[in-house]
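These are the residues of each chain, in order.
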Amino acid sequence: SYSLGFVILQDNHLDEWNQNTDCNYWRGISKVFAGVYFKGDGSLQEFVNYDVLDKYDSNVFYIYAMDCEQWFWVRSMPKIWFEVSATNGGSHFSHEDQHVLGLNFVSVVLLIICLFGSIRNYFRESRKEETWVNPLGVLVLSAITEFLAVFFKLCDYLVFNYNGQGFLILRAFSNINQTLS
């Protein structure tokens with residue numbers, strides 16, 4: 001069997017990479033060294049899954065495939081599917097966007113409170129003036145569309161937190177209601 005190694009390097013090591021190509025050196029400073037092992041015929045023997053659990057500042061990470069034993073220089077290269085799922089403490093939000101979900105939840109709660117207060121005032125004023133034609137009605141409709149925009153955005157963020165992609169229909173509904181408000 002033979003192996004292909006993968007290392008994950010931070011962007012501050014990029015200049016060093018071009019100057020030093022020693023596999024053992026890069027295994028030593030890499031955050032992760034993951035080996036993928038193949039049988040002699042090139043079929044996959046063992047897949048190794050690694051999690052990087054350390055906390056880092058916001059950085060760009062580079063993933064390099066390393067053929068330290070130079071098996072692939074003399075053999076035909078088998079097809080390899082390499083998939084990276086990078087999460088931040090289990091969340092798909094970046095370090096900068098960690099609190100977006102909580103802030104949108106607070107916004108939805110505050111908008112519900114304001115919306116019910118506005119609807120109550122609209123009905124109270126309409127009964128007092130004995131007419132449904134009231135400028136407050138336009139403001140209530142605007143508040144409803146703004147609430148729907150923030151609500152759909154919150155739902156999209158919840159889906160994004162789960163799968164890292166979100167849901168296009170939720171984003172579209174959010175943008176439509178934002179435009180209408």
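Placed above this text is the structure.
Residues numbered from 1 in each chain as written. Predicted model: local features only at pLDDT ≥ 70, side-chain atom pairs only at ≥ 80, totals over all residues. Heavy atoms only, no water.

Asker: Any chance you could break down the overall build of the protein for me, citing the residues and the numbers?
Answerer: Along the backbone of the protein there are 6 helices and 4 strands. Out of the 181 residues in the protein, the part that is buried amounts to 26%. For the protein, the accessible surface area stands at approximately 12,900 Å², while carbon and sulfur atoms represent 58% of it. (Helix = DSSP H or I, 4+ residues; strand = E, 2+ residues; numbered from the N terminus. Buried < 20%, exposed > 50% of the residue type's maximum accessible area, 1.4 Å probe, protein only. Areas by Shrake-Rupley, 256 points an atom, 1.4 Å probe, with all protein chains shown as cover.)

Asker: How would you explain the packing of aromatic side chains if you had to name every residue and give the values?
Answerer: The final tally for this structure, using the stated rule, is 4 aromatic pairs. Here Y122 and F123 contribute two aromatic rings whose centre-to-centre distance is 5.5 Å and whose plane-to-plane angle is 65°, an arrangement assigned as edge-to-face. Ring plane angle 45° and centroid distance 5.3 Å describe the contact between F152 and F173, whose orientation is recorded as tilted. Placement of F152 in helix α5 (residues 135–163) and of F173 in helix α6 (residues 168–180) is noted, with a sequence separation of 21 residues between them. Given the relative accessible area of 18%, F152 is considered buried. The exposure class assigned to F173 is partly exposed, which follows from its relative accessible area of 39%. Put simply, the rings of F147, F151, F152 and F173 pair up and form one aromatic cluster. (Phe/Tyr/Trp six-rings, centres within 6.5 Å; stacked < 30°, edge-to-face > 60°.)

Asker: Talk me through helix α4 (residues 100–129); I want residue IDs and the actual numbers.
Answerer: The end-to-end C-alpha separation of α4 is 42 Å, in line with the 44 Å expected for 30 residues at 1.5 Å each. Elements that come into contact with the buried residues of α4 comprise α5. E130 sits one or two positions beyond α4 and adopts a positive phi of about 55°. (Expected span 1.5 Å × (residues − 1). Contact = heavy atoms within 4.5 Å.)

Asker: Describe the pattern of salt bridges, with residues and values.
Answerer: Scanning all chains against the criterion turns up 2 salt bridges. The partner of K128 in a salt bridge is E125, with the nearest N and O atoms 3.7 Å apart. Of this pair, K128 and E125 are both found in helix α4, 3 residues apart, which corresponds to roughly one turn of the helix. (Salt bridge = Lys/Arg side-chain N within 4 Å of Asp/Glu carboxyl O.)

Asker: I'd like a description of the nonpolar core, backed by residues and values.
Answerer: The biggest cluster of nonpolar side chains holds 7 residues, and these are F93, L101, V108, L115, F147, V150 and L154. Mapped onto this core, the elements with two or more residues apiece are α4 and α5. Here V150 is in contact with N104, S107, V108 and L111, once residues within four sequence places are set aside. (Core = buried A, V, L, I, M, F, W, Y, C linked by side-chain atoms within 4.5 Å.)

Asker: Explain the side chain of S174 to me, and be specific about the residues and the numbers.
Answerer: Checked against the element boundaries, S174 lands in helix α6. Within the local environment of S174, its side chain forms a polar contact with the backbone oxygen of A149, the two atoms lying 2.9 Å apart. (Polar contact = N/O pair within 3.5 Å; in protein donor to acceptor, adjacent residues only side chain to side chain.)

Asker: Please provide a residue-by-residue account of the environment of V133, values included.
Answerer: With respect to the element layout, V133 can be found in the loop between α4 and α5. With a relative accessible area of 71%, V133 lands in the exposed category. Between the C-alpha atom of V133 and that of Y122, which follows or precedes it by 11 residues, the distance is 9.9 Å.

By themselves, these observations are geometric and do not establish any function.
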